[in-house]
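In case you want the letters, here they are:
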Amino acid sequence: MIEEAAKLLARSRFAIAFTGAGISAESGVPTFRGFNGLWKKHRPEELATPEAFRKDPYLVWEFYRWRMDLIRKAKPNRAHYALAELESMGILKAVITQNVDDLHREAGTGNLIELHGNIFQVKCTSCGYGEYLKESGRLEEFLAQSNLPQCPDCGSLLRPDVVWFGEPLPRSALNEAFRLAERADVVLVIGTSGVVYPAAYIPQIVKETGGRIIEINTEESGITPIADVFLRCPAGEAMEKLMTRIKGLI
Ligand code: NAD
Ligand code: ZN
């Protein structure tokens, strides 16, 4: 199985990766399914919604500060680094992720499409203001305050620049992801349940346009029935083995 996956990648013309929360599980960032009750007994679906933010922005901001703090302490794992290495080897052309944790960027991936935003990015609820807290140097300040964060330009409420349940995906990122999927002859799908649409269309598009699907997951997912190679294995271990085989082929 690993051998077949390695051959597909080594011989590919335009390979892409599509990742979900499972790739970051070994970095200590819980998946949504592994999440339940982790923060004050709330389910993410009760907090990561526009309705929750309208009703109780303090609660939602408290949750996001907790998550930002957890995620900023997390480090990329072997799977994130392997994808960055595959890109530098010229095999992987892009990583499309549903994660908001910034770990692909930290690992060195250059062509990164973030379909669900980035937890370190905030935006104004009224004007066009946006800020990437890791770059502006205000992350510490942001985490230390307990009041509602205000827009420096217009004074309105700031919110995390992530896609909440029931919200549309950023159009340009989605279009770019679909364009890459149409071009790809191989997609490496790692750690996604494959049930959140429209993101879950990405492997389907690759398949429909004649490409192959390699899937890495500890469990079967919504994508498994159409996968050409399914590696039932934690992401870090699978990617390490895969890299060794690929290097033996090229
Ligand atoms: P999900 O939580 O629905 O599913 C995670 C998948 O990863 C499951 O199929 C599970 O079997 C698999 N998995 C768990 N541990 C694994 C491991 N060690 N190796 C390989 N696979 C493993 O995640 P999803 O499909 O990405 O769900 C979508 C939503 O969750 C997205 O909207 C995303 O924004 C959000 N989310 C993001 C993060 C993050 O940024 N790290 C974390 C939690 C949720
Ligand atoms: Zn503003």
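All values reported here derive from a predicted model rather than from experimental measurement.

Colleague: In this structure, what is going on with the overall build of the protein? I would like to understand it.
Modeller: Helices and strands together make up the secondary structure of the protein, namely 11 helices and nine strands. The C-alpha radius of gyration computed for the protein amounts to 18 Å, which stays within 12% of the reference 18 Å derived for 250 residues, consistent with globular compactness. Looking at the protein as a whole, 52% of its 250 residues are labelled buried. Taking the contacts inside the protein whose residues are at least 6 apart along the sequence as the reference set, 69% of them involve residues at least 24 apart. As displayed, the protein offers around 11500 Å² of accessible surface, 49% of which is attributable to carbon and sulfur atoms. For the protein, the distance from the average site of its 30 positive side-chain charges to the average site of its 32 negative ones is 2 Å.

Colleague: I tried to follow the side chain of H104 on my own but got confused; where do I start?
Modeller: For H104, the position within the fold is in helix 6 (residues 103-107). Within the structure, H104 has its side chain in polar contact with the side chain of T19 (distance 2.9 Å). When sequence neighbours within four positions are dropped, the list of residues in contact with H104 reads T19, I23, H80, L83, V95, T97, T109 and L112.

Colleague: What exactly am I supposed to notice about the sheet that holds strand 4 (residues 117-124) here?
Modeller: The strands making up a sheet are joined through hydrogen bonds of the backbone, oriented either antiparallel or parallel. Sheet architecture is open: three strands sit in the order 5-4-6, paired in antiparallel fashion. One side of each edge strand has no neighbouring strand; the edge strands of this open sheet are strand 5 (130-132) and strand 6 (158-162). Taking each pair of neighbouring strands and ignoring which way they run, the sheet shows an average axis angle of 35°. As judged from the three bridges shared by strand 4 and strand 5, these two strands associate in the antiparallel manner. The residue bridging Q121 from the neighbouring strand is Y132, located in strand 5.

Colleague: Quick question: what am I supposed to make of the site of ligand 1 here?
Modeller: Q98, V100, D101, H116 and N217 are the nearest of the 26 residues found near ligand 1. For ligand 1, an oxygen atom lies 2.7 Å from a polar atom in the side chain of H116. A distance of 2.8 Å is found between an oxygen atom of ligand 1 and a side-chain nitrogen or oxygen belonging to S193. In the shell around ligand 1, the residues fall into nine nonpolar, 12 polar and five charged.

Colleague: Which parts of the structure should I look at to understand the UniProt feature "binding site: substrate" (unreviewed entry) in the protein?
Modeller: Annotation from UniProt places "binding site: substrate" (unreviewed entry) at Y64 and R67. Inspection of the secondary structure puts Y64 in helix 4 (residues 57-72). We classify Y64 as buried; its relative accessible area is 5%. In contact with Y64, not counting residues within four places along its chain, are A48, I119, P160, V162 and W164. The topology assignment puts R67 in helix 4.

Colleague: Would you mind showing me how to read the pattern of salt bridges here?
Modeller: Two side chains carrying opposite charge are able to pair once their charged atoms lie near each other. Enumeration according to the criterion identifies 20 salt bridges in this entry. Notably, a salt bridge pairs E106 with K134, separated by 2.9 Å at the nearest N-O pair. Pair noted here: E106 is in helix 6 and K134 is in helix 7 (residues 133-136), with a separation of 28 residues, a long-range link. A relative accessible area of 45% places E106 in the partly exposed class. The partner of R138 in a salt bridge is E131, with the nearest N and O atoms 2.8 Å apart.

Colleague: What is the right way to look at helix 11 (residues 235-249) in this model?
Modeller: Each full turn of the α-helix corresponds to 3.6 residues, which orients residues three or four apart in the same direction. Its 15 residues give helix 11 an end-to-end C-alpha distance of 21 Å, which sits within 8% of 21 Å, the value for a rise of 1.5 Å per residue. Taken as a whole, helix 11 has its buried residues at A235, G236, A238, M239, L242, M243 and I246. One side of helix 11 holds all its buried residues, which, seen down the axis, span an arc of 155°. Across from the buried face of helix 11, at angles greater than 90 degrees, the exposed residues are T244 and G248. As for helix 11, its buried residues are in contact with helix 1 (2-10), helix 5 (78-88), strand 7 (186-190) and strand 8 (212-217).

Colleague: Looking at this structure, how should I read the packing of helix 1 against helix 11?
Modeller: When two helices pack together, their arrangement is captured by the angle between the axes and the distance separating the axes. The geometry of helix 1 relative to helix 11 is characterised by a closest axis approach of 9 Å and an angle of 60° between their N-to-C directions. As the angle between them shows, helix 1 and helix 11 are arranged oblique. Here helix 1 and helix 11 pass one another in a crossing that is right-handed. Packed against helix 1, whose contacting residues are I2, E3, A5, A6, K7, L9 and A10, the element helix 11 presents A238, K241, L242, R245, I246 and L249 at the interface.

Reading guide: rules and limits
Residues numbered from 1 in each chain as written. Chains lettered and ligands numbered in written order. Predicted model: local features only at pLDDT ≥ 70, side-chain atom pairs only at ≥ 80, totals over all residues. Heavy atoms only, no water. Helix = DSSP H or I, 4+ residues; strand = E, 2+ residues; numbered from the N terminus. Rg over C-alpha atoms; globule rule 2.2 N^0.38 Å. Buried < 20%, exposed > 50% of the residue type's maximum accessible area, 1.4 Å probe, protein only. Contact = heavy atoms within 4.5 Å. Areas by Shrake-Rupley, 256 points an atom, 1.4 Å probe, with all protein chains shown as cover. Lys, Arg positive; Asp, Glu negative; His and termini not counted. Charge placed at Lys NZ, Arg CZ, Asp CG, Glu CD. Polar contact = N/O pair within 3.5 Å; in protein donor to acceptor, adjacent residues only side chain to side chain. Pairing = 2+ DSSP bridges. Axes fitted to C-alpha atoms, helices over the stretch in contact; angles between N-to-C directions. Near = heavy atom within 4 Å. Nonpolar A, V, L, I, M, F, W, Y, C, P; charged D, E, K, R; others polar. UniProt positions renumbered as here; feature names shortened; annotations may be inferred. Salt bridge = Lys/Arg side-chain N within 4 Å of Asp/Glu carboxyl O. Expected span 1.5 Å × (residues − 1). Arc of directions from axis to C-beta. Parallel < 35°, antiparallel > 145°, perpendicular 65-115°, else oblique. Left-handed = near helix turned anticlockwise from the far one by under 90°.

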